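Overview (structure and organization)
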Amino acid sequence: MRRRSFAAVLAAATLTLGLAACGSSDSTAGDKDTLKIGVSPVPHGEIIKYVKDNLAAAEGLKIEIVEFNDYVQPNVALSEKQLDANYFQHLPYLEEEVASKGYKFTALKAAHIEPLGVYSKTVKTLAEVPSGGVVGIPNDPSNSGRALSLLAANGLITLKDGVGVKATEKDITANPKNLQFKALEAAQLPRSLDDTAISVINGNYAVETGLKPATDALALENGADNPYANLVVVRTGDETDARVVKLEKLLHSAEVKKFIADKYQGSVLAAF
C-alpha cells in the first residue's frame, strides 16, 4: 500500500482542539501552554483524551491531539516540528527509527503495554492451524521478531538459541507445519485475517478494529517485564519542557492507571 504524505495524513487527522474562553478555536501558534501530541487512535488517543478532558486543566496544560493511522508519520512530524511529542511506539521500534533515520529523540517513561496477540477467523486453537497455513506478521523488524518469538513460545516454530525478539525468518530452525509467512504493515494485519490462517497483530490495531486481546487472542504476550511498553517521545532537549513534564506527571497518575484497567479490561496494561 502506498504511504500517504504527511500533508495528506495531517489533513485527514482528527484534531482535538482546546477551546478559548470566547468559545472559538484556540490557535496553538505561540501558545506555550499547549502541547501538540501525535497518537495512534487506540488506545493512545483515548488515554491522552482522558488526560485532556479530566486532568490537564488542573495543571494549566492544554493539549491538542493529532491522530495517525501508521507507524511512520508520527516520527516524521515530530522531527519536522509539526508536533511537540508523540505517543504511539515502544522503545525497540524507536531505536530502529533513530538508527535508520538519525532522529534526535528522547524516550520518556513507559506508560502502557499492548500485548501482541495471535488471532484467527478460521481456527479456534493454535493446534488447528493447518499445514502450509499462511501466517500474517508485522513487517517492521522490531515487531516481526517479536511475532516470531511469540509463535516460538507457543510451539509453532523453533528459533535459533538466543535470538529472542530479534529473530528473522532466517532464524527459524524448525517449522513442522511448513507455515508460510506474510509480512504486512502492522495496520493491515486485522484485515489480513480474511486471507490468513492466523495473524500476529499489535494490540492497538487489534483493539481499534474490535478485537479483544484478553479474550479473542489464541495466544498473547505476557505483560510482565515486557520491553515493548509504549511511551511518549520528544525531540532531545524537550524532555524538560514544562508542558512535557506536566503531561508525564498526569499520564503516570493513579487516575490514568485506573482508567486503563477499567476501560481495557486486560487488553491494555499500565506499565507503571
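Located above this text is the structure these notes cover.
In what follows, the accompanying structure is described. Residue numbers here run from 1 along each chain, matching the order of that chain's written sequence. At least 70 in pLDDT is required for a residue's local features to be given in this predicted model, at least 80 for side-chain atom pairs to be given and counted, and no such filter applies to totals for whole chains, interfaces and linings, which use all residues. Working from all heavy atoms in the structure, the side-chain values ignore hydrogens and water.

1. A few points about the environment of V234
Numbering of helices and strands runs from the N terminus, with a helix taken as a DSSP run of H or I at least four residues long and a strand as a DSSP run of E at least two residues long. As for its placement among the helices and strands, V234 is situated in strand β13 (residues 230-235). Once residues within four sequence positions are removed from consideration, V234 is found in contact with L78, D84, A85, K104, F105, T106, L108, E239 and V244. Residue contacts are defined here by distance: any two heavy atoms, one from each residue, within 4.5 Å place the two residues in contact.

2. Here's the deal with empty space enclosed by the protein
Space inside and on the surface of the protein is sampled on a 1 Å grid over the protein atoms alone, with a cavity defined as a set of points where a 1.4 Å probe fits but cannot get out and a pocket as an open set with protein on both sides within 12 Å along at least 5 of 7 lines; lining residues have an atom within 4 Å of a point. Grid points are joined across faces, edges and corners, and a volume is the space filled by probe spheres set on the points. Summed over all chains, the structure comprises one cavity of 30 Å³ or more. Size it by volume and the largest cavity reaches roughly 120 Å³. Elements represented by at least two residues in the lining of the largest cavity include exactly β4 (85-90), α5 (141-153) and α7 (203-208). Top contributing element to the lining of the largest cavity by residue count: β4, with three residues. Residue classes in the lining of the largest cavity are distributed as five nonpolar, seven polar and two charged. Here the nonpolar group is Ala, Val, Leu, Ile, Met, Phe, Trp, Tyr, Cys and Pro; Asp, Glu, Lys and Arg are the charged ones; every other residue, Gly included, is treated as polar.

3. Overview of the side chain of D84
Mapped onto the secondary structure, D84 falls in the loop between α3 (73-79) and β4. Burial status follows relative accessibility: with a 1.4 Å probe on protein chains alone, a residue under 20% of its type maximum counts as buried, one over 50% as exposed, and anything between as partly exposed. Judged by its relative accessible area of 18%, D84 is buried. Think of a polar contact as two N or O atoms within 3.5 Å of one another; within protein, one of them needs to be a possible hydrogen donor and the other a possible acceptor, and neighboring residues in sequence only count if both atoms come from side chains. A polar side-chain atom of D84 sits 3.4 Å from a polar atom in the side chain of R243. Once you skip the residues sitting within four places of it in the chain, D84 turns out to touch T34, L35, K36, L78, V234, R235 and R243.

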